[in-house]
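Observations on the three-dimensional arrangement
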Amino acid sequence: PRNRSRYDDNASRRFETNTRGYGERTRDNGHERKRFNEESPRRRDTQDSSSRRGDRREYGERDRERERQRDRERYISGRDRERPAETERDRGYRNGGPSSRRSASPRSRSSRPHSEQPRSASGSRSPPPIDKAKPNFAPSGLLAAETNTVKAVDGNSTVLKYNEPPEARKPVLGWRLYVFKGSEQVELLHIHRQSAYLIGRDRLVADISVDHPSCSKQHAVIQYRHVQEKDEFGTVKAVTKPFIIDLESTNGTLVNDEAIPVSRYFELKPSDVIKFGQSTREYVLLHDEAT
């Protein structure tokens, strides 16, 4: 054909152009690959150094974070020692608000032992509460001592060792004490004018004074008491009877030659013989109706 030579020329021209372009591109790629291979060791060194710097930087951050955490824990523990222990309600708000505390099962008061103390956030046991001094309204005895104190004119004072009981009464019968020294009566004492008679060496407080050195200053008391008793028919009635009580004397008190118990009431009956200490005087008890 007429146009074949033109076609061949154009095709060959295009082939040469494409071939030339491919060769140039190949040469360019070769130069790039060579330059990349030459630069790759430096790039790898740079990357390695940067990665090492990154690792070193990351390691330093972790250390600093640990130090911050330790400082934070020390600060929290010191603050918990200064402030009061955390309550259950505060712990619930701190762990996630009231919803988390509300969602938990309620804890009964009896499940927690009385001796258990609340723990703070750091786990240390809180100090026990300080007990404040409470007022003491118990009787001190000062008022009773002031009431029982008997003062003399010269300024001396004596504290009574005995107080009358609530059932103390004056006797209805006329009781008397007949004092004998050996076989001789030396004195007659009427003891029905008051409810009690104190016997001893202290003349400031004694109603019946004894001078024997074996007797105590406040030796014994004859006390009339209003008591209940049954008669021979089983009927209960109130009567006033004489009793004697030893006030912890040194040598004791004898009734019918027998020692009576200390600090206890001992009932007296007509014709009883009383002795105090080692005195030889005898006190015989009688009343008006005694035969």
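The name given to the chain in an unreviewed UniProt entry is SMAD/FHA domain-containing protein, with Collybia nuda as the source organism.

What follows is about the pattern of salt bridges. A full pass over the atoms with the stated rule returns eleven salt bridges. Of the charged contacts in the structure, one is a salt bridge between glutamate 61 and arginine 64, with a shortest N-O distance of 2.8 Å. One end of the pair is glutamate 61 and the other is arginine 64, both in helix α1 (residues 4–82) and three residues apart, which spans about a single turn. Arginine 203 is paired through a salt bridge with aspartate 211; the nearest N and O atoms lie 2.7 Å apart.

Spatial strand order, β4-β3-β13-β12-β9-β10: six strands in an open sheet with antiparallel pairing. In the strand order of this sheet, the two ends are held by β4 (184–190) and β10 (258–259), each with one partner. Two elements, strand β3 (residues 175–181) and β4, share six bridges in a ladder whose sense is antiparallel. Bridge pairing in β4 places arginine 176 opposite histidine 190.

Fine structural detail should not be taken from predicted coordinates in areas where pLDDT scores are low. Per-residue confidence for the chain averages 76 on the pLDDT scale, and 60% of its residues sit at or above 70. When the criterion is pLDDT under 50, residues 99–104 qualifies, and its contacts beyond four places in sequence or with other chains add up to four contacts.

The rules behind these values
- Residues numbered from 1 in each chain as written.
- Predicted model: local features only at pLDDT ≥ 70, side-chain atom pairs only at ≥ 80, totals over all residues.
- Heavy atoms only, no water.
- Salt bridge = Lys/Arg side-chain N within 4 Å of Asp/Glu carboxyl O.
- Helix = DSSP H or I, 4+ residues; strand = E, 2+ residues; numbered from the N terminus.
- Pairing = 2+ DSSP bridges.
- pLDDT = per-residue confidence, 0-100.
- Contact = heavy atoms within 4.5 Å.

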